[in-house]
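# Residue-level structural notes
Chain by chain, the residues run as shown.
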Amino acid sequence: MSLYNDTSFLCERMIHPNNILFVVNPFAGVSQKKNFSNMVEKRLGKDNIYYKIRYTEHEGHATEIAQTGVEEGADIVGAGGGDGSLNEVARAIVYTDVA
């Protein structure tokens, strides 16, 4: 499964220089992440920055999602969850130009 349709992603990247991928473990931490998308939209807006939110489904999934994001041109990959989620995302972006 691709995070972005190739053609639309290229067009969006030209329009929006900051493409952000949020990788979220919905069960990690002290609260469930039910309102994560609303929180992101409130802070980033709908039109200012292009972003995607992907939720993990199993151990190691955060690494898979982040690696796919890097391969498909994400500028920034953010992790939401606990230490494990952060570690998995960090492993995927450590030697890349992705922030």
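Residues numbered from 1 in each chain as written. Predicted model: local features only at pLDDT ≥ 70, side-chain atom pairs only at ≥ 80, totals over all residues. Heavy atoms only, no water.

## Section: the side chain of Thr-63
In this fold, Thr-63 is placed in helix α3 (residues 61-71). With relative accessibility at 13%, the residue Thr-63 sits in the buried group. Other than its neighbours up to four places away in sequence, Thr-63 contacts Glu-88, Arg-91 and Ala-92. (Helix = DSSP H or I, 4+ residues; strand = E, 2+ residues; numbered from the N terminus. Buried < 20%, exposed > 50% of the residue type's maximum accessible area, 1.4 Å probe, protein only. Contact = heavy atoms within 4.5 Å.)

## Looking at the nonpolar core
Counting residues in hydrophobic clusters, the biggest one holds 11 residues: Leu-21, Val-23, Ala-62, Ile-65, Ala-66, Ala-74, Val-77, Val-89, Ala-92, Ile-93 and Val-98. When contributions to this core are tallied by element, the ones reaching two or more residues are β1 (19-24), α3 and α4 (83-93). Discounting residues that sit within four places of it in the chain, Val-89 has contacts with Val-23, Ala-62, Ala-66, Val-77 and Ala-79. Of all hydrophobic cores here, the second largest spans seven residues; its members include Ile-20, Val-40, Tyr-51 and Ile-53. (Core = buried A, V, L, I, M, F, W, Y, C linked by side-chain atoms within 4.5 Å.)

## What to know about the environment of Val-23
The residue Val-23 is located in strand β1 in this model. Residues Val-23 and Ala-66, spaced 43 residues apart in sequence, show a C-alpha to C-alpha distance of 7.0 Å. Setting aside anything within four residues of it in sequence, one finds Val-23 in contact with Arg-54, Thr-56, Ala-62, Ile-65, Ala-66, Val-77, Gly-78, Ala-79, Gly-80 and Val-89.

## Notes on the sheet that holds β1
In space, the three strands of this open sheet follow the order β2-β1-β3, with parallel pairing throughout. Lying at the two open borders of the sheet, with one neighbouring strand each, are β2 (50-55) and β3 (76-80). Put simply, the sheet's adjacent strands are angled 20° from each other on average, direction ignored. In the sheet, β1 pairs with β3 via five bridges, with the strands oriented parallel. For Phe-22, the partnering residue across the bridge sits in β3 and is Gly-78. Sitting on the sheet, helix α2 (residues 36-44) touches β1 and β2, and the angle it makes with β2 is about 165°. (Pairing = 2+ DSSP bridges. Axes fitted to C-alpha atoms, helices over the stretch in contact; angles between N-to-C directions.)

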